[in-house]
Amino acid sequence: MKASNRVFNFFTFLMAIVPAVVLISIIVFVLYYSIPSIRYNSWSFFTTYLWNPGFQFQAPIMKHGVLAPAGSAFGLDLFLIGTLSTSALAILIAFPVSFLISLNVELYLPSKIKKVMISMIELFAGIPSVVYGLWGIVVLEPLLFRNVEPWMAQHLTFIPGFGGEIYSGAGLIASGIILSFMIIPIVTSIIVNSFDTVPMDVKDGLFSLGATKWEVGKYLMTSYSRASTVGGTLLGLGRALGETMAVLMVSGAVTNILPHNFYSAINTMAAAIASLLDSAFTDSTGMNLAALAELAIVLMLISLTVSLIGRKIAGRGVLRGYESD
């Protein structure tokens, strides 16, 4: 083998392993900084929702061999509930919208308009999250507070969670809507690509049997594009789980108060890390920073698991096609 080929192969291999090395380095780094919190909180970190940074003006205490501020306690339950509930609401909104957009693009629009629509969807995915958050504060929150949530509280009280006091418009509903806007382009793009992999013979055969465009779309989603639909939804969920700024701006960013209805202010793991990080550096023991690192480890594991499963399923559906059983 020529020297130039060996050099090329070496650098190609080096570049190929860079993402894995960076990912492992980040995990090791965050895990290392979370060790004091793991020792201090033990399993209580997963069984309580209280997040108390402690009293910085008192002498620190020693517990399980690590220093921590007096009175400090850390639990992720509130942030975990907020993360899962906002992401679930985002998926419930984004999935039907993404499917209807995909069906319209694939079966109803002329080819020239289809290309423009796909480009617009891809551009939609590039909007910075802080812009979504600003729109949520200026437009969405007042709309929810003045019109939507009062109507829901008046007419949907028979559904658990829809009764009770309304706050400022910031909270679970606003966060779920904002997240749904951010993941719709991801889910839509994958579903459209999966529809494109379906052989034309299949589509023409269904139309020749008298199927409507709606029936063809439902068949493609539940049969040929089933894997891609599920995978794309999971990829969107992975994006929603880790979103920070937009949720921080519209969630209410509360601590130590569990949500008791759909109008309550909430907080998520990613938003909590961003909002609490600055004050954590004032802790001379480093325990507040270690607790945020442990929170980051949990969020990273959840997001990576969901994203890896989604990529595996979506990759098989989009790249190889998915034949019905």
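Please refer to the structure placed before this passage.
This write-up is about the structure you can find in this document. Because the structure is a prediction, the values reported are computed rather than measured. (Residues numbered from 1 in each chain as written. Predicted model: local features only at pLDDT ≥ 70, side-chain atom pairs only at ≥ 80, totals over all residues. Heavy atoms only, no water.)

Here we come to a nonpolar patch on the surface. A surface patch of nonpolar side chains, amounting to about 960 Å² of accessible area, comprises Val7, Phe10, Phe11, Phe13, Leu14, Met15, Ile17, Val18, Val21, Val22 and Ile26. The residue phenylalanine 13 is located in helix 1 (residues 3-41) in this model. Assessed through its relative accessible area of 52%, phenylalanine 13 is described here as exposed. (Patch = residues over 30% accessible without salt bridge, like charges linked within 9 Å, V, L, I, M, F, W, Y side chains within 5 Å. Areas by Shrake-Rupley, 256 points an atom, 1.4 Å probe, with all protein chains shown as cover. Salt bridge = Lys/Arg side-chain N within 4 Å of Asp/Glu carboxyl O. Helix = DSSP H or I, 4+ residues; strand = E, 2+ residues; numbered from the N terminus. Buried < 20%, exposed > 50% of the residue type's maximum accessible area, 1.4 Å probe, protein only.)

All right, on to the pattern of salt bridges then. Enumeration according to the criterion identifies 1 salt bridge in this entry. Between glutamate 243 and arginine 239 there is a salt bridge; the shortest N-O distance is 3.4 Å.

Right, let's get into the packing of helix 2 (residues 77-108) against helix 5 (residues 172-196). Helix 5 packs onto helix 2 with a crossing angle of 40° between their chain directions and a minimal axis gap of 6 Å. Crossing of helix 2 over helix 5 shows right-handed handedness. (Axes fitted to C-alpha atoms, helices over the stretch in contact; angles between N-to-C directions. Left-handed = near helix turned anticlockwise from the far one by under 90°.)

Relative to the 39 Å expected for 27 residues at 1.5 Å per residue, helix 4 (residues 129-155) spans just 33 Å between its end C-alpha atoms, considerably shorter than the ideal helical length. At leucine 144, helix 4 shows its maximal kink, close to 50°. Looking at the packing, one finds that the buried side of helix 4 touches helix 3 (111-124), helix 5 and helix 9 (245-250). (Expected span 1.5 Å × (residues − 1). Bend = angle between axes of the 7 residues up to and from the residue. Contact = heavy atoms within 4.5 Å.)

Our focus in this paragraph is helix 5. Taking 1.5 Å of rise per residue, the 25 residues of helix 5 would be expected to cover 36 Å, and the 35 Å separating its terminal C-alpha atoms lies within 8% of that figure. Along helix 5, the sharpest kink reaches roughly 40°, centred on isoleucine 183 and followed within four residues by the proline proline 185. The buried fraction of helix 5 is high, at 20 of 25 residues.

All right, on to the environment of glycine 161 then. Looking at the secondary structure, you find glycine 161 in the loop between helix 4 and helix 5. The class of glycine 161 is partly exposed, set by a relative accessible area of 27%. Taking the C-alpha atoms as reference points, glycine 161 and proline 259, separated by 98 residues in sequence, lie 9.6 Å from one another. The contact partners of glycine 161, leaving out residues within four places of it in the chain, are Asn261 and Phe262.

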